[in-house]
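# Chains, contacts and geometry: an overview
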Protein chains: 2
Amino acid sequence: MLIVKKFGGTSVADKERIFNVARRCIKDYQAGHDVVVVLSAMGKQTDVLIDMAKDINPKPPKRAMDMLLTTGEQISVALMEMAMAALNVPAVSLNAFQVAMHTTSAYSNARLKRIDTERIRHEIDQRRIVIVTGFQGINKYDDYTTLGRGGSDTTAVALAAALHADACEIYTDVEGVYTADPRYVKNARKIDEITYDEMLDLATLGAGVLHNRSVEMAKKYGVQLVVRSSLSEAEGTVVKEDVNVERMLVSGVAADKNVTRISVVGLKDEPGVAFRLFDALAKANINVDMILQSIGREGTKDISFTISGDSTDDAVKVLEDNKAKLGASEIKTKTNVAKVSVVGAGMMSNPGVAAKVFECLYNSHININMISTSEIRVTVLIDVENTEKAMNAMHDMFELQD
Amino acid sequence: MLIVKKFGGTSVADKERIFNVARRCIKDYQAGHDVVVVLSAMGKQTDVLIDMAKDINPKPPKRAMDMLLTTGEQISVALMEMAMAALNVPAVSLNAFQVAMHTTSAYSNARLKRIDTERIRHEIDQRRIVIVTGFQGINKYDDYTTLGRGGSDTTAVALAAALHADACEIYTDVEGVYTADPRYVKNARKIDEITYDEMLDLATLGAGVLHNRSVEMAKKYGVQLVVRSSLSEAEGTVVKEDVNVERMLVSGVAADKNVTRISVVGLKDEPGVAFRLFDALAKANINVDMILQSIGREGTKDISFTISGDSTDDAVKVLEDNKAKLGASEIKTKTNVAKVSVVGAGMMSNPGVAAKVFECLYNSHININMISTSEIRVTVLIDVENTEKAMNAMHDMFELQD
């Protein structure tokens, strides 16, 4: 069996944890399996590097930033090779150049295009454990790129797909996917099985356990994922196409506080305005989430939308640069907001979930800024200080507790 | 004019020094020159990485060690690209993969074989300052290698040769090459010009300013070097084929305390013994320096030789493994020794320098362990505690002071 195992930064934060990961990998290796391990940078290493960069240049070029950050995972994999050697197990560490992890050109937010498997296959054939840098790739200019937040999950899934792996295990510091973040909702329950679509909505909406691109890719290539703890032997959560357990109406509640709402005010009410607005943002690689169009004063219209808090500066710059072209009178930014969502494949065949969400928020005296729904999800934008109150109210409403 | 400039770890140890280096490069760039900068890892970064490695595995695999250490220079060049961007000068940082710095396979002690210049030429043509990682390369397996101690100098000279650069400037924390290390010999004098051969002997023998391989390569390809301070504007020392100044008998005095003497005792006195001994060491990539063969007891012979202190463990292992094959009765190791040398192209036409050296040591009551000479050098191995006394005595004897 070929197993891809991914460990995040906290799992390799110090010597003891590095050896803990090494031993978990060696256990599978000694049971006769082929093992490919994907690692993130150690603990707070990425933050340390970001601080070094910002000290030199508050707006570091993204190309140079990726050149800097990719050293983080290279350190992790090199130390892991040393740890496995200390345990007398043959291992080899490889970075994005050595594997040849081809990505799009967009520095700091690239997408994986193609992974060469020749080198990894060769190392597996030599019965070595292969340790690969997560999060990083190379683009057509032969420059380093990074995959953005949580990119190591994507690396692991992409490797599992490219190598036709039999299992892809994502290790984290929690025991799996929960019905809500246990830090905010005390009686949250671990979910045994969940579909790609549900997981995708939970990931996108800030459940924080898996990166949404990794789930998209797992769904696309049919890679079955297991999310489990690097610190315990507990069974994790299986993410797959079909779930056997009895379908719950709602699987979980997710929240994302890293959100900015931007309102573009006083746009001309004519065709093509929305296109020009969102095209400008797309060209700057800014992902837009919820969108609301409303009628403004005197024949104008206002468009509000949410983006990731990380893109705030970039988005404001793009909009200010295009303000005249768009005919906008004002750009308003609001950062103290959060998205809270209920997700569940069961709601496809059960109308009324949205109404229940609104009822629940009304009972809790929480005002709704924006609403967005899909077949398996209801999302509301609320003031950030109400996040936990809303999550707990919804968790209780849909009886998700143990 | 195309200028290659190399800055060591102390020159990029912190933000202020990084900007200092950036400004020196930009000055040449703005004068219309093409600039290629070679950087080492920041300050004590390499030592920090070595400590991390040894904590995980006291004997880390050399391949993994190179994978780890090469992150050091990558951090330096990425930060330098950011510093230059902050000063509004277009720059691009490149590592060994991106340049394609091909080396031999020997991890931790590789030799440069070939440098692809296409990417660097392309970046120069775009009028960018090109910032290259020193010390590192890639081998035929597509693995990182490192060039050993002082390898960044070699990178700079090799780049200057490959790019047919008009100048190659090696920046250091001293103002040039001195007649002796000013830390040990107070009245040491800066040398204005020195030949490759003299520099080679001084480098090999521990003057510590330039790496010997870099001087060898400069000589081979006729690259004129300038050694100068990164902290002042003072003229440095020019290293070239012919020197115009009046030929001194002796150019300088050098010492190397990182030496181990190994004695292989009780070897059979038959042909091929020395060959087998040194062949075994050569195959393990251990460079042998001074060699002394003496007659032992009862028809046996003893062979003593010196090696770099860094190779002690490796050499002892090789010798113990081959002890039976060599027919040796004992392997003795002595580490508290130092090599002290006088170097000067002028001694070729002036016999009697060696006699003067021995006289000078006799007058200082210093015992000589081993002697080695070349056309332009006399080296003695002495007890390490006499190093400074011997250096000062020789410096005075040959009137090298200001």
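As a starting point, this report considers the structure included with it.

Another aspect to go through is the pairing of strand β16 (residues 330–343) of chain B. Residue and element names in this part refer to chain B. Of the strand pairs in this sheet, strand β13 (residues 252–268) and β16 are connected by 11 bridges, and their pairing is antiparallel. In the sheet register, V265 faces β16, and the bridge partner there is E330. Strand direction decides the pairing type here: β16 and strand β18 (residues 377–383), joined by seven bridges, are antiparallel. Directly across from K339, in β18, lies its bridge partner L381.

Turning to the packing of helix α12 (residues 353–363) of chain A against helix α13 (residues 387–397) of chain A, a few remarks are in order. Two measures define how a pair of helices packs: the angle their axes make with one another and the distance between the axes. Residues and elements named next belong to chain A. Where α12 contacts α13, the axes come no closer than 10 Å and their chain directions differ by 130°. Regarding the angle of α12 to α13, the classification is oblique. Relative to α13, α12 is oriented so that their crossing is right-handed. Each of K356, V357, E359, C360 and L361 in α12 lies in contact with α13, whose residues at this interface are A390, A393, M394 and M397. Grouping the constituent residues of the contact of α12 with α13 by class yields seven nonpolar, no polar and two charged.

Glancing now at the interface of chain B and chain A. If you look at the interface, chain B gives 40 residues, while chain A gives 40 residues. Here chain B and chain A share an interface that buries about 3,200 Å² over both sides, 66% of which is from carbon and sulfur atoms. Taken as a group, B:I56, B:M67 and B:M82 account for 22% of the area that chain B buries against chain A, more than any other trio of residues on that side. Remark: the boundary between chain B and chain A carries six salt bridges. Between A:K15 and B:D55 there is a salt bridge, with the nearest N and O atoms lying 3.6 Å from each other. Taken together, the connections running from chain B to chain A amount to 20 residue pairs in polar contact (both at pLDDT 80 or more). Mapped onto the side of chain B that touches chain A, the elements with two or more residues apiece are α1 (15–30), α2 (45–56), α3 (62–86), β3 (91–94) and α4 (96–99) of chain B. Per element, the largest residue contribution to the side of chain B that touches chain A is 17 residues, and it comes from α3(B). In terms of residue class, the side of chain B that touches chain A is built from 26 nonpolar, seven polar and seven charged.

If you walk through the whole model with that rule in mind, you get 51 salt bridges over all chains. Put simply, A:K317 and A:D321 hold a salt bridge, and the shortest N to O gap is 3.0 Å. You can see A:K317 and its partner A:D321 sitting in helix α10 (residues 312–321), four residues apart, about one turn around the helix. With respect to burial, A:K317 and A:D321 carry one shared label: exposed. By sharing partners, the salt bridges in this structure join A:R63, A:D143, B:E81, B:R119, B:E123 and B:R128 into a single network.

After a rotation of 180° and a shift along the axis of 0.1 Å, chain B superposes on chain A with an RMSD of 0.1 Å. With respect to symmetry, the two chain copies, as superposed, fit the operation of a two-fold axis. Residue B:T71 of chain B places its C-alpha closer to the rotation axis than any other residue of that unit, at 2.7 Å. With an isologous cut-off of 70% or more, the 100% of interface residues of chain B that recur at the interface of chain A puts this contact in the isologous class.

Before going further, it helps to examine the state of the cysteines. All names here are of chain B. A complete count under the given rule lists zero disulfides over all chains for this structure. A disulfide-free cysteine, C168 has its sulfur positioned 13 Å from the sulfur of C25, the nearest such atom. With a relative accessible area of 0%, C168 lands in the buried category.

Now for the nonpolar core. Counting 166 residues, the largest nonpolar core has A:I129 and B:I129 as the members making the most contacts within it. Among residues more than four places away in sequence, those in contact with B:I129 are B:C25, B:I26, B:Y29, B:V35, B:V37, B:M84, B:V89, B:P90, B:A91 and B:V92.

Residue and element names in this part refer to chain A. One open sheet holds the six strands; their spatial order is β14-β15-β13-β16-β18-β17, and the pairing between them is antiparallel. Of all strands in the sheet, those bounded by a partner on one side alone are β14 (288–295) and β17 (370–374). Within this sheet the neighbouring strands show an average axis-to-axis angle of 30°, counted without direction. One ladder, built from six bridges, connects β14 with strand β15 (residues 300–308); its direction is antiparallel. In the sheet register, V288 faces β15, and the bridge partner there is I307. The strands that α10 touches are β13 (252–268), β15 and β16 (330–343); relative to β13, the one it contacts most, it runs at about 15°. Packed onto the sheet, α12 meets β16, β17 and β18 (377–383) and runs at close to 25° relative to β18.

Quick look at the environment of A:D383 now. Residues and elements named next belong to chain A. Here D383 is to be found in strand β18. Overall, D383 belongs to the partly exposed group, its relative accessible area being 24%. For the pair D383 and K257, spaced 126 residues apart in the sequence, the C-alpha separation amounts to 9.5 Å. Polar side-chain contacts of D383 include one of 3.4 Å to the side chain of N369.

Cut-offs used in this document
Residues numbered from 1 in each chain as written. Chains lettered and ligands numbered in written order. Predicted model: local features only at pLDDT ≥ 70, side-chain atom pairs only at ≥ 80, totals over all residues. Heavy atoms only, no water. Pairing = 2+ DSSP bridges. Helix = DSSP H or I, 4+ residues; strand = E, 2+ residues; numbered from the N terminus. Axes fitted to C-alpha atoms, helices over the stretch in contact; angles between N-to-C directions. Parallel < 35°, antiparallel > 145°, perpendicular 65-115°, else oblique. Left-handed = near helix turned anticlockwise from the far one by under 90°. Contact = heavy atoms within 4.5 Å. Nonpolar A, V, L, I, M, F, W, Y, C, P; charged D, E, K, R; others polar. Buried area = accessible area lost by both parts, 1.4 Å probe. Salt bridge = Lys/Arg side-chain N within 4 Å of Asp/Glu carboxyl O. Polar contact = N/O pair within 3.5 Å; in protein donor to acceptor, adjacent residues only side chain to side chain. Buried < 20%, exposed > 50% of the residue type's maximum accessible area, 1.4 Å probe, protein only. Least-squares fit on C-alpha atoms with pLDDT ≥ 70 in both. Disulfide = S-S within 2.5 Å. Core = buried A, V, L, I, M, F, W, Y, C linked by side-chain atoms within 4.5 Å.

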